[in-house]
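Below are the chains, spelled out letter by letter.
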Amino acid sequence: MQPFLDNAKRYIRELAEETAQANDLDLSYCVIEYRDHPPQDRSFVVKNRGFGDDKQLQSDLDALRAEGGGDDPEAMYDAVIEAAVLTYRPGADRIALLVADSPPHNPCLCGLNPLKVIDACAKANVILNACSIAGSKITESAMRELTDALGGYTTTVQSAKAAVEYTSDTFLKTAGDVGRARAYYSAAVSLGVSDDFAGATAVAAKLGWDEKTAAESAIYLRRRGTMAPAKKK
Ligand SMILES: [Zn+2]
């Protein structure tokens, strides 16, 4: 993980600024660090550094060092479920990005398992993407189990540099999704159509989008759990 952290520290702030500006978004970041349960690791299991702006993101990343964890599997589920209990701003889109090079304990030493993590995150409307850095098939499939259920994707990359590029792409793609969903929602409201698939054709025509883009935004809105009042009365 250390080469990834070194690269991330160098580029993350620039990336965060670019993402926010390109999509006119007000972003908050929260770094969640995890290791493992005793006796594998006696330092900490999860360290949640709280939400802050891009300056705090940079200083939180600067404080990270890849160490500890004991054996190969780590307390990944403890970290992901933390995303379900954060205090978000009202109406905020909740996007989590998991980056790891080791698989989770399954079940975890504390009893957490994928179903419990998925259930908690789905109820909290957390969208999860994941990146495995040269991880095993076990790591990748454990990540995919979570991201398939939580509206995101899992990617495996082979280098720290590729992981930072992936992080960048995911930031930008996610910001684009949020921006388009917002436009979709406004258009659906102004047209007096439903903001789910039923309105996709009308919204696509109004915004000059192709129908696939419109349908993807409808899916995003549905996952986000903020379907608007459907039809005009
Ligand atoms: Zn655990």
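In this numbering scheme, every chain counts its residues from 1 along its sequence in written order. In view of the model being predicted, local features appear only for residues whose pLDDT reaches at least 70, and side-chain atom pairs are presented and counted only at 80 or more, with totals across whole chains, interfaces and linings using the full set of residues. The basis for every side-chain value is the complete set of non-hydrogen atoms in the structure, without hydrogens or water.

Describe the overall build of the chain, naming the residues involved and giving the relevant values.
Scanning the chain for helices and strands turns up eight helices and five strands. Secondary structure elements follow DSSP: runs of H or I no shorter than four residues count as helices, runs of E no shorter than two count as strands, and numbering proceeds from the N terminus. Its helices and strands in sequence order give the chain the pattern α-β-β-α-α-β-α-β-α-β-α-α-α, from N to C terminus. Both definitions apply: the radius of gyration is a C-alpha atom measure, and the globule rule equals 2.2 Å times residues to the power 0.38. At 19 Å, the chain has a C-alpha radius of gyration in line with the 17 Å of a compact globule built from 233 residues. Projected onto its principal axes, the C-alpha positions of the chain cover 60 × 35 × 30 Å. The rule is simple: take the accessible area with a 1.4 Å probe, protein chains only, and divide by the maximum for that residue type; under 20% is buried, over 50% is exposed, in between is partly exposed. Counting all 233 residues of the chain, 46% fall into the buried class. We call two residues in contact when some of their heavy atoms are within 4.5 Å. Within the chain, contacts between residues separated by at least 24 positions form 71% of all contacts whose residues are at least 6 apart in sequence. Values of accessible area rely on a 1.4 Å probe in the Shrake-Rupley scheme; residue burial ignores everything except the protein chains shown. As displayed, the chain has an accessible area near 11700 Å², and 53% of this comes from carbon and sulfur atoms.

Tell me about the coordination of the zinc ion, and please be specific about residues and values.
Distances up to 2.8 Å from the metal define which N, O and S atoms are donors, and 3.2 Å serves for Na, K and Ca; water is absent from the atom set, so sites may look incomplete. Taken together, the protein ligands of the zinc ion are His37 (NE2), Asp78 (OD), Cys108 (SG) and Cys110 (SG), with distances of 2.0 to 2.3 Å. Labels for metal geometry use angle windows, namely 85 to 135 degrees for all angles of a four-donor tetrahedral site, and for square planar (four donors) or octahedral (six donors) sites opposite donors over 155 degrees apart plus all others within 65 to 115; sites meeting none of these are irregular. Considering all four donor atoms around the zinc ion, the spread of angles at the metal, 99 to 119°, places the coordination shape in the tetrahedral class. Between consecutive donor residues of the zinc ion, the sequence gaps follow H-x40-D-x29-C-x1-C. Taken together, the positions of His37 in the loop between strand S1 (29–34) and strand S2 (46–52) and Asp78 in helix H3 (residues 76–82) put the pair 41 residues apart, joining distant regions of the chain.

Can you break down the domain arrangement of the chain residue by residue, with the values?
Domain ranges listed in this record stem from an automatic or a database domain assignment. Each domain of the chain was delimited in the assignment, giving domain 1 (2–176) and domain 2 (180–223). Distance from the C-alpha centre of domain 1 to the C-alpha centre of domain 2: 29 Å. What counts as buried area is the accessible surface, traced by a 1.4 Å probe, that two parts surrender upon association, with contributions from both included. Across the interface of domain 1 and domain 2, roughly 590 Å² is buried in total on both sides, 38% from carbon and sulfur atoms. Considering only the side of domain 1, the residues that lose the most area to domain 2 are Ile127, Gly151 and Gly176, jointly responsible for 54% of the buried surface there. Any carboxyl oxygen of Asp or Glu that lies within 4 Å of a side-chain nitrogen of Lys or Arg is treated as forming a salt bridge with it. Our enumeration of links across domain 1 and domain 2 arrives at zero salt bridges.

Can you tell me about the side chain of Asp36, naming the residues and giving the values?
Counting through the fold element by element, Asp36 comes out in the loop between S1 and S2. It turns out Asp36 is buried and unbridged, and the closest side chain with the opposite charge, Arg35, is 10 Å from it. In terms of polar contacts, Asp36 uses its side chain to reach the side chain of His105, at 2.7 Å. His residues and chain termini do not enter the charge count, which takes Lys and Arg as positive and Asp and Glu as negative. The term polar contact refers here to a pair of N or O atoms within 3.5 Å; inside protein, the definition further demands a hydrogen-donor-capable atom paired with an acceptor-capable atom, and it admits residues adjacent in sequence only when both atoms are side-chain atoms.

Lay out the confidence of the model for the chain with the relevant residues and their values.
On average, residues of the chain carry a pLDDT of 87, and 94% of them reach 70 or more. The quantity called pLDDT is the predictor's confidence in a given residue, expressed from 0 to 100. Within the chain, H3 carries the highest mean pLDDT (98), whereas helix H1 (residues 2–23) carries the lowest (79).

So what about the nonpolar core? Which residues, and what values?
Soluble, globular proteins show a tendency: their nonpolar side chains are buried together. Within the largest apolar cluster, 27 residues are counted, with the highest numbers of intra-cluster contacts made by Met76, Val80, Leu98, Cys121, Val126, Leu128 and Leu146. Those elements that provide at least two residues to this core are H3, strand S3 (94–100), helix H4 (114–123), strand S4 (126–133) and helix H5 (137–149). With four residues, H3 is the single largest residue contributor to this core. Those residues in contact with Leu98, other than ones at most four positions away along the chain, are Tyr34, Met76, Val80, Leu128, Asn129, Ala130, Cys131 and Met143. Leu57, Leu64, Ile133 and Val164 belong to the second largest nonpolar core, which has 19 residues in total. Only buried residues count toward a nonpolar core, which is a set of Ala, Val, Leu, Ile, Met, Phe, Trp, Tyr and Cys residues joined through side-chain atoms within 4.5 Å.

Break down the sheet that holds strand S5 (residues 154–157) for me, with residues and values.
In this analysis, strands are considered paired if DSSP registers two or more bridges between them. Across the sheet, three strands lie side by side as S3-S4-S5; this open sheet has parallel pairing. In the strand order of this sheet, the two ends are held by S3 and S5, each with one partner. Taking the axes of each pair of neighbouring strands and ignoring which way they run, one obtains an average angle of 15° across the sheet. Sheet analysis places S4 next to S5, joined by four bridges and oriented parallel. Bridge pairing links Ile133 to Val157 in S5. Fitted lines through C-alpha atoms give the axes, limited to the stretch in contact for helices. The angle between two N-to-C directions lies from 0 to 180 degrees. The strands touched by H5 within the sheet are S3, S4 and S5, with S4 carrying the most contacts at an inclination of about 170°. Taken strand by strand, helix H6 (residues 160–191) contacts S3, S4 and S5, and its axis lies near 160° from that of S4.

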